[in-house]
Amino acid sequence: MDMVPVVVRSASHVSAYRFFNHRRATSPRFHVRANLPFQKQDAKYYQHLEAAVHVVERACRLCLHVKSSLFSADGNVHQKNDQTPVTVADFGVQALISFELNKLFPSIPLVAEEDSAYLRSRNLAGSVLDAITAIDSPTSKPLTQDDVLEAIDRGGKDAFVFGSEPATYWVLDPIDGTRGFVKAGKALYVVGLALVVEGEIVAGVMGCPNWQEDFSKKSPAELEEVADMLSASGTIMIAHVGCGTWTKRLNTTPKLPGAWTRCFVDGFNLVQKAHFCIPDSQTWESLPLSSSFNATNNVDDVGDNQVLLLATCCGRSNM
């Protein structure tokens, strides 16, 4: 399920979305682990989403840990039978998230991308266990390799059989954009987790560990307001049906005022005023819009009938 993020960006705005501070006259008090930016009584799946935020943040830390050693250690990048890359981080994220969600919501199945057959055939369970325990132990007792294999298989292709009635289940893409993850550059990748109820996505979390905010067009006053973010990396985005989409920096304290900001997609009535992000496995000529518009990746020289391509996403769509 290696999905491709498509980002539409305004020529006059730096980031992919316009972020607005959403503050009430009196800040609400949240006594929960994730401290979501909306009231619990307004969100039916509040507990599910707060758990998802917590575990995705931990999964992002695992990704950063594995990536830091990706180019200094052998055997961290592998090829699956379909010739797509997979890493210790893919398996580690799936195991970590599966293990935690099963403790909290044992009756809700997980639909994910990997199973343990590859790890078993290559004796890699120990490497995945090391990656998980390197960030912190997800349980009061030490994990074993069997725990890791079992957690991964909980989301495997044969783990759950859907009946004729609509089901409630988690869906996980451990690393969306593995091709970007294994590159030494700054190609984006995300950890994606969503809750599906009766065929509808009701809550979701995306963690992007290496998202770098562009502050080049901000004024000195604006830079002062975000001084603590200048050296920060990574973002997490959440959505809940009826409560909108929100974002915050990874590893920031949710209790801080303004930690979460509301997201709104920029709107355009002219295609050429948008920016498009495509995977490096595609070309502009392969997309339908190429028959009407030319494209450029030169941000300083965008013509009247051109769109700007952002070569920052990596991966391909297998959906």
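Residues numbered from 1 in each chain as written. Predicted model: local features only at pLDDT ≥ 70, side-chain atom pairs only at ≥ 80, totals over all residues. Heavy atoms only, no water.

Caption draft 1: Just the side chain of T296, in detail. You can see T296 is positioned in strand 13 (residues 294-296). Of note is the side chain of T296, whose polar atom sits 3.0 Å from the backbone nitrogen of N298. Setting aside anything within four residues of it in sequence, one finds T296 in contact with D301, V302, Q306, V307, L308 and L309. (Helix = DSSP H or I, 4+ residues; strand = E, 2+ residues; numbered from the N terminus. Polar contact = N/O pair within 3.5 Å; in protein donor to acceptor, adjacent residues only side chain to side chain. Contact = heavy atoms within 4.5 Å.)

Caption draft 2: Geometry of the nonpolar core. Ranked by size, the top nonpolar core spans 63 residues in total, and within it F38, V56, I97, W170, V191, L193 and I238 carry the most contacts. With 12 residues, helix 1 (residues 46-68) is the single largest residue contributor to this core. Setting aside its immediate chain neighbours within four residues, V56 contacts I97, V191, L193, V205, G207 and I236. Membership of the second largest hydrophobic core comes to eight residues, among which are I278, W284, L287 and V307. (Core = buried A, V, L, I, M, F, W, Y, C linked by side-chain atoms within 4.5 Å. Buried < 20%, exposed > 50% of the residue type's maximum accessible area, 1.4 Å probe, protein only.)

Caption draft 3: The pairing of strand 14 (residues 306-310), seen in detail. Buried residues dominate strand 14, accounting for four of its five residues. Of the pairings in the sheet, the one linking strand 12 (residues 274-277) to strand 14 comprises three bridges and is parallel in character. Looking at the pairing, H275 lines up with L308 of strand 14. Inspection of the sheet shows strand 13 paired to strand 14 by three bridges, in the parallel sense. What sits directly across from N294, in strand 14, is Q306. (Pairing = 2+ DSSP bridges.)

Caption draft 4: Expanded view of the packing of helix 2 (residues 88-104) against helix 5 (residues 145-154). The contact between helix 2 and helix 5 brings their axes to 8 Å, and the two run at 85°. In terms of orientation, helix 2 and helix 5 fall into the roughly perpendicular class. Side by side, helix 2 and helix 5 meet where F91, Q94, A95, S98, F99, L101 and N102 of the first sit next to V148, A151, I152 and R154 of the second. Here the residues of the contact of helix 2 with helix 5 sort into seven nonpolar, three polar and one charged. (Axes fitted to C-alpha atoms, helices over the stretch in contact; angles between N-to-C directions. Parallel < 35°, antiparallel > 145°, perpendicular 65-115°, else oblique. Nonpolar A, V, L, I, M, F, W, Y, C, P; charged D, E, K, R; others polar.)

Caption draft 5: Just the state of the cysteines, in detail. Under the defined criterion, the tally for this structure stands at zero disulfides. Left without a disulfide partner, C63 is nearest to the cysteine sulfur of C60, which lies 5.9 Å away. (Disulfide = S-S within 2.5 Å.)

Caption draft 6: Looking closely at the packing of helix 1 against helix 4 (residues 125-135). Closest axis-to-axis distance for the helix 1/helix 4 pair is 9 Å, and the angle between their directions is 115°. Judged by the sense of rotation from one axis to the other, the crossing of helix 1 with helix 4 is right-handed. Packed against helix 1, whose contacting residues are R58, R61, L62, H65 and V66, the element helix 4 presents A131, I132, A134 and I135 at the interface. (Left-handed = near helix turned anticlockwise from the far one by under 90°.)

Caption draft 7: Just the pattern of salt bridges, in detail. Scanning all chains against the criterion turns up four salt bridges. For K248, the salt bridge goes to E57, with nearest N and O atoms at 2.6 Å. With K248 in strand 10 (residues 244-249) and E57 in helix 1, this residue pair connects regions lying 191 residues apart in the sequence. We classify K248 as buried; its relative accessible area is 2%. Residue D153 pairs with R120 through a salt bridge whose shortest N-O separation is 3.6 Å. Residue D153 is located in helix 5, and its partner R120 is located in helix 3 (residues 117-122); the two are separated by 33 residues in the primary sequence. Through salt bridges with shared partners, a single network forms among R58, E100 and K103. (Salt bridge = Lys/Arg side-chain N within 4 Å of Asp/Glu carboxyl O.)

Caption draft 8: Examining the pairing of strand 7 (residues 190-197) more closely. Counted residue by residue, strand 7 has eight buried out of eight residues, so it is predominantly covered. The alternating pattern of strand 7 places V190, G192, A194 and V196 on one face and V191, L193, L195 and V197 on the opposite face, and all of these are buried. Pairing geometry for strand 6 (residues 168-176) and strand 7, over seven bridges, is antiparallel. Among the inter-strand pairings, T168 is bridged to a residue of strand 7, identified as V197. Bridge count between strand 7 and strand 8 (residues 200-208): seven bridges; the pairing is antiparallel. Following the sheet pairing, V197 is matched in strand 8 by E200. Hairpin connection between strand 7 and strand 8: a loop of two residues separates the two successive antiparallel strands, and E198 in this loop has a positive phi of roughly 50°.

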